[in-house]
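Below, each chain spelled out in residue letters.
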Amino acid sequence: MSSTELPGAPLSLAPVVPEVAAVRVAEGEELRTVALPGLSLTVRSRPPARTGLPPALYVHGLGGSSQNWSSLMPLLADAVDGEAVDLPGFGDSPPPDDGNYSLTGHARAVIRYLDAAGRGPVHLIGNSLGGAVATRVAAVRPDLVRTLGLISPALPELRVQRTAVPTGMLALPGISGLFARASRDWPAERRTRGVIALCYGDPGRVSDEAFGHAVAEMERRMRLPYFWDALARSARGIVDAYTLGGQHGLWRQAERVLAPTLLVYGGRDRLVSYRMARRASAAFRDSRLVTLPDAGHVAMMEYPETVAQAIRELIDDGGRS
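Residues numbered from 1 in each chain as written. Predicted model: local features only at pLDDT ≥ 70, side-chain atom pairs only at ≥ 80, totals over all residues. Heavy atoms only, no water.

**Q** Help me out: how do you make sense of the environment of Ser-45 in this one?
**A** Relative to the helices and strands, Ser-45 is located in strand 2 (residues 39–45). Between the alpha carbons of Ser-45 and Val-25 there is a distance of 9.8 Å; along the sequence they are 20 residues apart. When near neighbours in sequence (up to four residues on either side) are disregarded, Ser-45 contacts Gly-28, Glu-29, Glu-30, Arg-32, Met-73, Gly-82 and Glu-83. (Helix = DSSP H or I, 4+ residues; strand = E, 2+ residues; numbered from the N terminus. Contact = heavy atoms within 4.5 Å.)

**Q** Can you help me understand the packing of aromatic side chains in this one?
**A** Here the distance between the centres and the angle between the planes together describe a pair of aromatic rings. Enumeration over the complete set of coordinates arrives at 2 aromatic pairs. Pairing Tyr-58 with Trp-69 gives two aromatic rings, centres 5.2 Å apart and planes at 35°, and the pair type is tilted. With Tyr-58 in strand 3 (residues 55–59) and Trp-69 in the loop between strand 3 and strand 4 (81–85), this residue pair connects regions lying 11 residues apart in the sequence. Here Tyr-58 matches Trp-69 in class, with each residue buried. Across from the ring centre of Trp-186, 3.8 Å away, lies the NZ or CZ of Arg-190, which sits over that ring. (Phe/Tyr/Trp six-rings, centres within 6.5 Å; stacked < 30°, edge-to-face > 60°. Buried < 20%, exposed > 50% of the residue type's maximum accessible area, 1.4 Å probe, protein only. Lys NZ or Arg CZ within 6 Å of the ring centre and 35° of its normal.)

**Q** Just to check I follow, could you spell out the packing of helix 5 (residues 188–199) against helix 6 (residues 208–222) for this structure?
**A** For any two helices packed against each other, the geometry comes down to the angle between their axes and how far apart the axes lie. Taken N-terminus to C-terminus, the directions of helix 5 and helix 6 make an angle of 110°; their axes are 9 Å apart at the nearest point. Considered as vectors, helix 5 and helix 6 are oriented roughly perpendicular to each other. The interaxial crossing formed by helix 5 with helix 6 has right-handed handedness. Touching Ala-188, Glu-189, Arg-191, Thr-192, Arg-193, Val-195 and Ile-196 of helix 5 are Phe-211, Ala-214, Val-215, Met-218, Glu-219 and Met-222, all from helix 6. The residue inventory of the contact of helix 5 with helix 6, partitioned by class, reads 8 nonpolar, 1 polar and 4 charged. (Axes fitted to C-alpha atoms, helices over the stretch in contact; angles between N-to-C directions. Parallel < 35°, antiparallel > 145°, perpendicular 65-115°, else oblique. Left-handed = near helix turned anticlockwise from the far one by under 90°. Nonpolar A, V, L, I, M, F, W, Y, C, P; charged D, E, K, R; others polar.)

**Q** What's the story with the pattern of salt bridges in this structure? I'm lost.
**A** Opposite charge on two side chains permits them to pair, given that their charged atoms come into close proximity. For the structure on display, the rule yields 13 salt bridges. Salt-bridge contacts for Arg-119 lead to Glu-83; the nearest nitrogen and oxygen are separated by 3.2 Å. Note that Arg-119 is positioned in the loop between helix 1 (103–117) and strand 5 (122–127) and Glu-83 in strand 4, a separation of 36 residues in sequence. Of the charged contacts, one joins Arg-233 and Asp-229 as a salt bridge, the two residues approaching to 2.9 Å between their closest N and O atoms. Note that Arg-233 and Asp-229 are positioned in helix 7 (residues 227–243) at a spacing of 4 residues, about one turn of the helix. With a relative accessible area of 36%, Arg-233 lands in the partly exposed category. Given a relative accessible area of 35%, Asp-229 falls into the partly exposed group. What emerges from the salt-bridge pattern is a single network uniting Arg-32, Asp-81, Glu-83 and Arg-119. (Salt bridge = Lys/Arg side-chain N within 4 Å of Asp/Glu carboxyl O.)

Below you can see the structure in the form of structure tokens.
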């Protein structure tokens, strides 16, 4: 020990990075990391039933990950060569180098991946935040999108549901930190039940096995040092996008989408109002609407068979056109 060291002092003052469990990979799935300029993305895939199928890309919502598509992907494995991306800062993807969690930042990440992979045009399918991201991608890069599937897309609402207000408040400076401190002693089971109650029309549809997987994922993500920052900044990105007007406004961009579009809305959605289905149908020029009265915010997880059939029909009709 040198004369400048105190007895019992640590040998290093470097910050301790918490150990984080590996992300879950369901049977038949594969994970890979794709390095792109300024960011690194984790991509979840499932081998297609046969070669030559058209490519598809699934984009998750706020606070979600590519695991949100694990129930739907196998149901479409005979129709598309599907991949699901973890947006920057979510799932197994680290934060972007520039810390940009805006809607444009997430859309740029998707575009960079599609350009690098050379898989476009794809059947692009998004939920919630991922639906808004997919809308922007389809509007600004129509060459990358063959068809567009939107499940409860986070498009601007003038009158937000009261049940969506707490999520929107995460966008306010300091709120995420306050909530993190107030809830730091909550067990993962409590957090998970709260998320399921918010996102599912009928929480009883979640099996014990699925609940166990969700709890494990909650425990994993709560140990990520950037979890709250990614969540808060992405929520702020949605709110900021809601206030944009002109050609960058999401509704204006929805009107510019050329790809055949599927819209799926749940009657028990507590985050995206069911009443927005009519406006969305009018905004997207080539759209079809599927409403599920008993579904919540994540219809692809609650009713994967129904959503898969609707996507299959969109793909089939899009292929014929």
